[in-house]
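Observations on the three-dimensional arrangement
In case you want the letters, here they are:
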Amino acid sequence: MAIIDPGHAAKQLIYERIFRSATFIAAIFVLLILGGVAVSLLRGAWPALSHFGFSFVAREIWNPVTDQFGALAPIYGTVMTSLIAMLLAVPAGFGIALFLTELCPPLLKRPIGVAVELLAAVPSIIFGIWGLFVLAPVLQRHVQPWLIRNLGDFPAIGHLFKGPPYGIGILTAGVVLAIMVLPFIAATMRDVFDTVPPMLKESGYGLGATTWEVIWNVVVPHSRVGIVGGIMLGLGRALGETMAVTFVIGNAHRISSSLLAPGTTISSAIANEFTEAVGDLYTSSLISLGLLLFLITFTVIALAQAMLRRLERRSGAVA
Amino acid sequence: MNRRMLRKIKNSAFLSLSLVATLTGLACLAAILWTLISHGVSGLSGRIFTQMTPPPGGQGGLLNAIYGSGVMTLLGILIGSPIGVLAGTYLAEYGRSSRLSTAIRFINDVLLSAPSIIIGLFIYEIVVVRMGHFSAVAGALALAVLAIPVTLRTTEDMLNLVPIGMKDSSAALGAYPWRTTLSVLYPAARSGIVTGLLLAIARISGETAPLLFTALNNQFWSTNLNAPMANLPVVIFLFALSPYKDWQDLAWAGALIITVTILLLSISARVLLALLRAERGS
């Protein structure tokens, strides 16, 4: 009874080719975006890079009037704020992940997990405006004077906590960043901890280990790669975060020895100055900053993804 | 005995620290929401939705900014999500484990957490510079680029969740893969794909950095896609940093609107996903 209509089959084949090509082109488009970003940033950055050469990344000067630009102060600010953010967010994220996987009553597990994920959905500009109007005054009045009093005269690290408490500055930006990347780190670590086979943990408990000993000697070694991957994913976010930092960094193109002083980061310099930049060299210098940020963050994120992928494959093989 | 005590103390110390960390995280979320509500609600009034952004010192609303945000987010999703869905389909159905697909998956995950200001610079270079001026189209394109990785990722994941038997049945009836995909897989994965769209909308509607130098801002009502267009995030940015009380109040009201919208979107995406899981589980 089957009636084979050759015309119908041919038409089907054409539709199949069209649909397949459409999906293929869309998939290739993803590669094109990344390539396009790299090429367009390189082209935009070229005038400044060829004019200043390697010294662009080694000079602190940033003077639009004399057309002298160097990226050292934004690089320093980006690295310092991200470092502070990591110092605060990694232990806290580890704690939250630990709480969610090992301690939390099952009833609260989902609500707290969702709350942490919602914190990740809050747009960065909200963190910025909150940081400027709520967090910065609190830090200025209560935390920074304490730091100056108690750590300001400490040998070796004392200079980091000297000077007046501005409220806004490198330290405040680092704290806001820490709160922002905390949910990413916590969620990734929780997922990684969940991949540890229960058998291994129970063996630890069976030997009489305390909860902490099981976590430190069984869970952590087993999920080491994933933990590092999660931390680097958070670092990638912190390095490239723009709006939250722009509000509280103070936008000063200089490197101060004190963490309490205003500074600048790569992303906040671009956000603050790009639309006001006059002159090709100024614009090109800002795009060069963008290119630097692109190279740094993409390296960090790619490494993080590679690590998380390795873990996924391994846990897939175990299961 | 002494050693055992020490271990117990160490145990409770670290466990208490993890509790403190969790409470701190929750407190941050609560503090942010509380600040938004206490500052934002007082600024919320009918004016917000009926009047344009005011000049310094004047009174006004956020109508043009809300409209602009809506238009650009919608355009961004309309441009970005078909590309993301099709690319996700390629990875799930055609490319599966080829080397190219592995590379695309990797690049997509990198794009997913890439700094959005870089995407803004990219669109500035290829659209704004060519056109010679800032425009709503450029803003929408920047948002589209941000929407692609989100929709791609969820589409691929959701298509992979469709039971293999359904695909096989369709193939056994003589359907070509395109037919199977359109008539069997997409309907089966519909709520999952919609989840991806909701997440993408939530992601792009709060983005500020990529709009700063693509759509810029516009103090007036404008529906011209070829001209700068007002949008909530940039208005919040400019108004919050201004010295005028009226502007700051408007910024807080805008911040409240945007956050509530995004949280509602993320929650509905999560509910949809939970329903889907329950359905699959039964």
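As a starting point, this report considers the structure included with it.

Calculation notes
Residues numbered from 1 in each chain as written. Chains lettered and ligands numbered in written order. Predicted model: local features only at pLDDT ≥ 70, side-chain atom pairs only at ≥ 80, totals over all residues. Heavy atoms only, no water. Contact = heavy atoms within 4.5 Å. Buried area = accessible area lost by both parts, 1.4 Å probe. Salt bridge = Lys/Arg side-chain N within 4 Å of Asp/Glu carboxyl O. Polar contact = N/O pair within 3.5 Å; in protein donor to acceptor, adjacent residues only side chain to side chain. Helix = DSSP H or I, 4+ residues; strand = E, 2+ residues; numbered from the N terminus. Nonpolar A, V, L, I, M, F, W, Y, C, P; charged D, E, K, R; others polar. Buried < 20%, exposed > 50% of the residue type's maximum accessible area, 1.4 Å probe, protein only. Expected span 1.5 Å × (residues − 1).

The next subject is the interface of chain A and chain B. At the junction of the two partners, chain A supplies 80 residues and chain B supplies 78 residues. Taking both partners together, chain A and chain B bury about 7,100 Å²; carbon and sulfur atoms supply 80% of that area. The three residues of chain A that bury the most area against chain B are A:Phe19, A:Val30 and A:Trp212, which together make up 9% of that side's buried surface. The partner of A:Arg309 in a salt bridge is B:Asp109, with the nearest N and O atoms 2.4 Å apart. Our count for the contact surface shared by chain A and chain B stands at 9 residue pairs in polar contact (both at pLDDT 80 or more). Tallying contributions element by element places helix α1 (residues 6–52) of chain A first for the side of chain A that touches chain B, with 24 residues. Each residue belonging to the side of chain A that touches chain B can be placed in one class, and the counts come to 54 nonpolar, 19 polar and 7 charged.

On to the pattern of salt bridges. Taken as a whole, this structure holds 12 salt bridges over all chains when the rule is applied. For B:Glu207, the salt bridge identified is with B:Arg203, shortest N-O distance 3.3 Å. On the basis of relative accessible area, B:Arg203 is assigned to the partly exposed category, the value being 22%. In this structure, a network of salt bridges that share partners links the residues A:Glu117, A:Arg190, A:Asp191 and B:Arg270.

Spanning 12 residues, helix α7 (residues 211–222) of chain A covers 15 Å between terminal C-alpha atoms, matching the ideal 16 Å at 1.5 Å per step. The set of residues buried in α7(A) consists of A:Thr211, A:Trp212, A:Glu213, A:Val214, A:Ile215, A:Val218, A:Val219 and A:Val220. Contact partners of the buried residues in α7(A): α2 (72–103), α5 (170–194), α6 (198–206) and α8 (224–240) of chain A together with α1 (2–43) of chain B.

On their own, these measurements won't tell you what the molecule is for.
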